[in-house]
Amino acid sequence: MKKLLASTILAAGLYAMAGSAQAAECGEVSIAEMNWASAGVAAHVDKFILESGYGCTVTLVTGDTMPTFTSMNEKAQPDMAPELWVNAVRTSLDAAIKEGRLIEAAPLLSEGGVEGWWIPKFIADANPDIKTVQDALKHPELFPAPEDPSKGAVFNCPSGWNCQVSTANLYKALGAEKLGFELVDTGSAAGLDGSISNAFEKKSGWLGYYWAPTAILGKYEMTRLSFGVDHDKANWDACTAVPDCPDPKVNSYPRSDVFTVVTKAFSEKAGVAMDYVKTRQWDNGTVNKVLAWMDQNQGTNEDAAKYFLENYPDMWTKWVAPDVAEKVKAAL
């Protein structure tokens, strides 16, 4: 009996030591909590899994694309950016990877970030001839402007957003004004979202810029229209994305690559947690639904992360080993 008790105590001790070693191996981790919803939720998902599953001690720090990347590249802090839209920093990131400062881990958004001009799905279903933006512009009557219903409307991004420039240039390139459309300034992110909500409440048409993943596209079914041409990066950089380009051409939005980026130091200290960071990714449809739940329930990033972990185990348990998954489930 004493031998059995001693063996049990020894086993428990070894287990505790193994857990402590794993925690020590992972150590303290700083994660950028970017200032948009999908990235904020991802940061909290990572925090919960790294802490409860791998024994890390996680600190979240406020982040944004350029400041976070610059700090990681120059100071190796924070350790991790879960959702970095890398198109904006691609050249510098490639150099940092080549020189061994940063590592590109999993593509967090498996489909990448998606931008474009959208219409409500109920409009697309009722008008199967509308497949492209050009098709939609043949029907100003389906997309009435809020101030003058005799005209169609193309809803633009808020002032100061890069997409305001591209949308205005594409509006010009497509000759939308001559086709009976006006470009509507939505004023703010809330104004852009409100215009979509209002259209669905009234079962009215809506045409304009939006992107995924977002809460709005989780709440309202929208259809992204083709511009009928491939993305021309050279023309995009030289004109489509340049304010007041004198002669814009029709172009398609680029697919935005969205990766998790970590510092070299994190990859060396994280141990098996690095396997998780190199594996986990989710699709835009799932993120849209999680963000829609968050919006409808006025939840925080942390609330939405727990909602995801509680409701999508079939997805996240594939990112980790079975024993790690059990630890995470037990902590929920």
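What you see is a predicted model; the values in this text were computed from it and never measured. (Residues numbered from 1 in each chain as written. Predicted model: local features only at pLDDT ≥ 70, side-chain atom pairs only at ≥ 80, totals over all residues. Heavy atoms only, no water.)

Asks: Please explain the packing of aromatic side chains as it appears in this structure.
Replies: Given two aromatic rings, one states the distance between the centres and the angle between the planes to describe the pair. By the definition in use, this model includes 16 aromatic pairs. On the basis of an interplanar angle of 50° and a centroid distance of 6.4 Å, the ring pair of Y276 and W319 is categorised as tilted. Of this pair, Y276 sits in helix α12 (residues 273-277) while W319 sits in the loop between α15 (313-316) and α16 (322-331); the two residues are 43 residues apart in sequence, bridging distant segments of the chain. Just as Y276 is buried, W319 falls in that class too. Aromatic side chains W282 and F308 sit 5.0 Å apart centroid to centroid with 80° between the ring planes, which places their arrangement in the edge-to-face category. Taken together, the residues span a long stretch of sequence, with W282 in the loop between α12 and α13 (284-296) and F308 in helix α14 (residues 301-311) at a distance of 26 residues. We classify W282 as buried; its relative accessible area is 3%. Here a set of aromatic residues connected by ring pairs shows up, and it is made of W117, W161, Y209, Y210, W211, F227, W236 and Y253. K203 extends its terminal NZ or CZ atom over the ring of F122, reaching a point 4.5 Å from the ring centre. (Phe/Tyr/Trp six-rings, centres within 6.5 Å; stacked < 30°, edge-to-face > 60°. Helix = DSSP H or I, 4+ residues; strand = E, 2+ residues; numbered from the N terminus. Buried < 20%, exposed > 50% of the residue type's maximum accessible area, 1.4 Å probe, protein only. Lys NZ or Arg CZ within 6 Å of the ring centre and 35° of its normal.)

Asks: Looking at this structure, I do not really get the nonpolar core. What am I missing?
Replies: A general trend in soluble globular proteins is that nonpolar side chains are found buried together. Formed by 42 residues in total, the largest nonpolar core has its most connected members in V45, I49 and W282. It is helix α2 (residues 37-54) that provides the largest number of residues to this core, a total of 8 residues. Those residues in contact with V45 that sit more than four places away from it in its chain are Y276, W282, A305, F308, L309 and W319. Formed by 24 residues, the second largest nonpolar core is a distinct cluster that contains L137, C157, L207 and L225. (Core = buried A, V, L, I, M, F, W, Y, C linked by side-chain atoms within 4.5 Å. Contact = heavy atoms within 4.5 Å.)

Asks: I tried to follow the packing of α13 against α14 on my own but got confused; where do I start?
Replies: Pairs of packed helices are described in terms of their axes, by the angle between the two and the distance that separates them. Direction vectors running N to C along α13 and α14 enclose 130°, while the axes themselves pass 9 Å from each other. Judged by the angle between their axes, α13 and α14 are oblique. The two elements α13 and α14 cross, and the hand of that crossing is right-handed. Across from T286, V290, W293 and M294 in α13, the residues of α14 making contact are N301, D303, A304, Y307 and F308. In terms of residue class, the contact of α13 with α14 is built from 6 nonpolar, 2 polar and 1 charged. (Axes fitted to C-alpha atoms, helices over the stretch in contact; angles between N-to-C directions. Parallel < 35°, antiparallel > 145°, perpendicular 65-115°, else oblique. Left-handed = near helix turned anticlockwise from the far one by under 90°. Nonpolar A, V, L, I, M, F, W, Y, C, P; charged D, E, K, R; others polar.)

Asks: Would you take a moment to explain the confidence of the model for the chain for this structure?
Replies: Note: predicted coordinates in regions of low pLDDT should not be interpreted at a detailed level. Residues at a pLDDT of 70 or more form 92% of the chain, whose mean pLDDT is 91. Residue range residues 1-24 is modelled with pLDDT below 50. Its contacts to residues more than four positions away, or to other chains, number 8 contacts. (pLDDT = per-residue confidence, 0-100.)

Asks: Got a minute to help me understand the state of the cysteines in this structure?
Replies: Covalently bonding the sulfur atom of one cysteine to the sulfur atom of another cysteine gives a disulfide. Counted by the stated rule, this structure contains 3 disulfides. For C157, the disulfide goes to C163, at an S-S distance of 2.2 Å. When the S-S torsion is -120°, as for the bridge of C157 with C163, the disulfide is left-handed. Shown here is the disulfide that connects C239 with C245, its sulfur atoms set 1.9 Å apart. Note on the C239 and C245 pair: the S-S dihedral is about -105°, so by sign convention the disulfide is left-handed. For C245, a relative accessible area of 9% puts it in the buried group. In the chain, the cysteines engaged in disulfides, taken in order along the sequence, are linked 1-2, 3-4, 5-6. (Disulfide = S-S within 2.5 Å.)

Asks: Help me out: how do you make sense of the packing of α2 against α13 in this one?
Replies: It is at 10 Å that the axes of α2 and α13 come closest, and there the two elements cross at 95°. The angle between the axes of α2 and α13 places the two elements in the roughly perpendicular class. Touching A37, S38 and V41 of α2 are V287, V290, L291 and M294, all from α13. For the contact of α2 with α13, a count of residues per class yields 6 nonpolar, 1 polar and no charged.

Asks: Before we go on, may I ask you to explain the environment of A189 in this structure?
Replies: Mapped onto the secondary structure, A189 falls in helix α8 (residues 189-202). Put simply, A189 and T132 are 57 residues apart on the chain and 25 Å apart in space, counted from C-alpha to C-alpha. When sequence neighbours within four positions are dropped, the list of residues in contact with A189 reads P158 and W161.

Asks: Teacher, can you tell me more about the pairing of strand β1 (residues 28-34) here?
Replies: Moving residue by residue along a regular strand, the side chains alternate between the two faces of the sheet. Most of β1 is tucked away: 5 of the 7 residues are buried. With 7 bridges connecting them, β1 and strand β2 (residues 57-63) associate as parallel partners. Each residue of the ladder has a partner; that of A32, found in β2, is V61. What joins β1 to β2 is α2, and the crossover it makes is right-handed. (Pairing = 2+ DSSP bridges. Right-handed = clockwise from strand over helix to strand, strands pointing away.)

Asks: What should I look at first to understand the side chain of T260 in this one?
Replies: Of note, T260 is situated in strand β10 (residues 258-263). Of note is the side chain of T260, whose polar atom sits 2.8 Å from the side chain of R280. Discounting residues that sit within four places of it in the chain, T260 has contacts with M80, A81, P82, I103, E104, A105, A106, L108, V277 and R280. (Polar contact = N/O pair within 3.5 Å; in protein donor to acceptor, adjacent residues only side chain to side chain.)

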